[in-house]
Amino acid sequence: MIRKTLTILCTAGLLASTCATATLAGPVERACRQSDRPQASASLCGCIGRVADQTLSNSDQRQAAQFFKDSDKAQEIKMSDNRSHKAFWERYKRFGQTAEAYCS
């Protein structure tokens, strides 16, 4: 319901800055913005989201976004013996290094 209302307002040209953020933000940026971390500013989350868009698949972004809510999940993936978890973790590390270089 909220998403439909926001879409209608965006289509009507109202709430322009909110619309751009709401419709373009990927899973990592949204998770960053919704986190309770004090350093999670709109500009920092936007930068991190842009790096995620360029370096992670949608599936990887959804998995990485879970880390904002549950940091223990990151440790589980990192320590896992599962081959797909190991591959994801390598991609996630590259994303983190790139985000740190561009967004700090």
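Use the structure listed above.
These lines cover the structure that appears in this document, whether it is placed above or below. Because the structure is predicted, anything quoted here is derived from the model rather than measured.

1. As for the packing of aromatic side chains
- The tally for this structure, following the rule as stated, stands at six aromatic pairs.
- Where Phe67 meets Trp89, the ring centres are 6.2 Å apart and the plane angle is 50°; that geometry is what we call tilted. Separated by 22 residues along the polypeptide, Phe67 in helix H5 (residues 58–69) and Trp89 in helix H7 (residues 83–103) bring together distant segments of the chain.
- Residue class for Trp89 comes out buried when judged on its relative accessible area of 13%.

2. Brief notes about the packing of helix H3 (residues 27–34) against helix H4 (residues 42–55)
- Contact pair H3 / H4: the axes reach a minimum separation of 7 Å and the direction vectors enclose 160°. With respect to each other, H3 and H4 are oriented roughly antiparallel. In this structure, the crossing between H3 and H4 has a hand that is right-handed. In contact with Val28, Glu29, Cys32 and Arg33 of H3, H4 contributes Ala42, Cys45, Gly46, Ile48, Gly49 and Ala52.
- Broken down by class, the residue content of the contact of H3 with H4 amounts to six nonpolar, two polar and two charged.

About the criteria used
Residues numbered from 1 in each chain as written. Predicted model: local features only at pLDDT ≥ 70, side-chain atom pairs only at ≥ 80, totals over all residues. Heavy atoms only, no water. Phe/Tyr/Trp six-rings, centres within 6.5 Å; stacked < 30°, edge-to-face > 60°. Helix = DSSP H or I, 4+ residues; strand = E, 2+ residues; numbered from the N terminus. Buried < 20%, exposed > 50% of the residue type's maximum accessible area, 1.4 Å probe, protein only. Axes fitted to C-alpha atoms, helices over the stretch in contact; angles between N-to-C directions. Parallel < 35°, antiparallel > 145°, perpendicular 65-115°, else oblique. Left-handed = near helix turned anticlockwise from the far one by under 90°. Contact = heavy atoms within 4.5 Å. Nonpolar A, V, L, I, M, F, W, Y, C, P; charged D, E, K, R; others polar.

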